[in-house]
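# Analysis of the macromolecular model
Read off the chains here:
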Amino acid sequence: MKVVENLQKIKDKIAAACKTSSRNPEDITIIGVTKYVTIERTKETIAAGIHNLGENRLEGFIEKYDCLQDANVHWHFIGTLQSRKVKNVIDKVDMLHSLDRLSLAKEINKRATKTIDCFVQVNVSEEESKHGIKADEVLRFIQDVKQYERIRVVGLMTMAPHTEDKQLIRSVFRQLRELKETIEHQHLSHAPCHYLSMGMSNDYEIAIEEGATHIRIGTKLVGK
Ligand SMILES: *Cc1c(COP(=O)(O)O)cnc(C)c1O
């Protein structure tokens, strides 16, 4: 399938989910996750009108970044970032979706030459296999991050559990939204926290209904 065709289907579904939840599709950013695909397919994605791209591994990120210097792309790093790799990439990243520990915040602060917009990754479902801060520790974590002046917490990110249970997925997204609102209401200057990065190929419509502002779509947009 061409990316433009996939994109049209996704946009139709976004419109429907927005209608259900009285939201404006313009408030939703589609991040095209290109981790599975080639540079050619990534160029096709940009040509289709997707200017926010996400990668979860450093090697893939750097390869695509270097090849697409001239393209007008906002780069999202959505995978786990090892502290020792921060210096190689951090200034190339427009948004980091995986801030999950203070030692990483410290390293970013040391290496970045500008403010880095970060989502705090939250392990809402508390699955052992998942990265992220536990929900009841997020506020404290964000307060602790204040000491690192190059970090701005723009929102929260989560991954839904692997399950067919739509109600469970919905409840995870809802909990993330409630947590985001709690933090937003603190009016912390270093943590405006207006955004919610949640929803992937199989659950983005539920995520939108629950308030997602950034959806991360790989398989259904660009293929695997
Ligand atoms: C791979 C990945 C995605 C996209 O997954 P799809 O199911 O292919 O849409 C989104 N977010 C993260 C963190 C990922 O690693």
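On a predicted model such as this, the values are computed, not experimentally measured, just so you know. Within every chain, residues take consecutive numbers counted from 1 along the sequence as written. Whole-chain, interface and lining totals are the exception, using all residues; otherwise, since this is a predicted model, local features are given only for residues with pLDDT of at least 70 and side-chain atom pairs are given and counted only at 80 or more. Side-chain numbers come from the whole structure's heavy atoms, not from hydrogens or water.

### Quick word on the overall build of the protein chain
Numbering goes from the N terminus for both helices and strands, where a helix is a DSSP run of H or I of at least four residues and a strand is a run of E of at least two. For the protein chain, the count of helices and strands is nine helices and eight strands. Its C-alpha atoms give the protein chain principal-axis dimensions of roughly 45 × 40 × 30 Å. Every one of the 224 residues in the protein chain was classed for burial, and the buried ones make up 51%. If you take every contact in the protein chain between residues at least 6 apart in sequence, the share linking residues at least 24 apart comes to 55%. Areas reported here follow the Shrake-Rupley algorithm with a probe of radius 1.4 Å; residue values treat only the protein chains shown as occluding. A total of about 11,000 Å² of accessible surface is found on the protein chain, and carbon and sulfur atoms cover 46% of it. Side chains of the protein chain carry 34 positive and 32 negative charges; the gap between the two charge centres is 3 Å. For every residue, the accessible area (1.4 Å probe, protein chains only) is compared with the maximum for its type, and the residue is labelled buried under 20%, exposed over 50%, or partly exposed between those bounds. The contact criterion used is simple: two residues touch if any of their non-hydrogen atoms lie within 4.5 Å. His residues and chain termini do not enter the charge count, which takes Lys and Arg as positive and Asp and Glu as negative. Throughout, a charge is located at the NZ atom of Lys, the CZ atom of Arg, the CG atom of Asp or the CD atom of Glu.

### Some points on the UniProt feature "domain: Alanine racemase N-terminal" (unreviewed entry) in the protein chain
UniProt positions are given in the numbering used here, feature names are shortened, and annotations may be inferred rather than shown by experiment. Mapped onto this structure's residue numbering, the UniProt feature "domain: Alanine racemase N-terminal" (unreviewed entry) falls at residues 29-223. Between the end C-alpha atoms of residues 29-223 there is a gap of 19 Å, over a span that is 36% helix and 19% strand.

### Some words on the site of the ligand
Summary of the distance rule: residues count as near a molecule or strand when at least one heavy atom falls within 4 Å of that molecule or strand. In the vicinity of the ligand lie 13 residues, with K35, S201, R216, G218 and T219 positioned nearest. Here a polar contact is taken to be a pair of N or O atoms separated by no more than 3.5 Å, where protein atoms must pair a possible hydrogen donor with a possible acceptor and residues adjacent in sequence count only if both atoms sit in side chains. At 3.3 Å, a side-chain N or O of Y36 approaches an oxygen atom of the ligand. In the environment of the ligand, an oxygen atom lies 2.8 Å from a nitrogen or oxygen atom belonging to the backbone of G218. With the chains in place, 92% of the 390 Å² that the ligand exposes on its own is no longer accessible. Cavity membership is defined here by more than half of the atoms lying within 2 Å of grid points; on that basis the ligand lies in the largest pocket. Its residues placed into classes, the shell around the ligand shows seven nonpolar, four polar and two charged. Computed over the protein atoms alone on a 1 Å grid, cavities are sets of points where a 1.4 Å probe fits but cannot get out and pockets are open sets with protein on both sides within 12 Å along at least five of seven lines; a residue lines them when it has an atom within 4 Å of a point. In this scheme, a molecule is assigned to a cavity or pocket if more than half of its atoms are within 2 Å of the grid points. The classification used treats Ala, Val, Leu, Ile, Met, Phe, Trp, Tyr, Cys and Pro as nonpolar, Asp, Glu, Lys and Arg as charged, and all other residues, Gly among them, as polar.

### Observations concerning the UniProt feature "modified residue: N6-(pyridoxal phosphate)lysine" (unreviewed entry) in the protein chain
Per the UniProt record, "modified residue: N6-(pyridoxal phosphate)lysine" (unreviewed entry) is annotated on K35. By the secondary structure assignment, K35 is in the loop between β1 (29-33) and α2 (39-47). What K35 contacts, discounting residues up to four positions off in sequence, is G54, E55 and N56.

### Brief notes about the layout of surface pockets
In this structure, the largest pocket spans a volume of roughly 830 Å³. If you trace the largest pocket, you find 36 residues lining it, with K35, Y36, M159, H162 and M200 closest to the centre. At the level of elements, α3 (58-67), α7 (166-184) and β8 (214-217) are the ones that each hand at least two residues to the lining of the largest pocket. The class makeup of the residues in the lining of the largest pocket is 13 nonpolar, 13 polar and 10 charged. Grid points are joined across faces, edges and corners, and a volume is the space filled by probe spheres set on the points. Computed from the structure, the second largest pocket encloses a volume of approximately 240 Å³. In this structure, the second largest pocket is lined by 13 residues; those nearest its centre are K11, I14, P25, I28 and I30. Looking at the lining of the second largest pocket, the elements that each hand over two or more residues are α1 (3-20) and β1.

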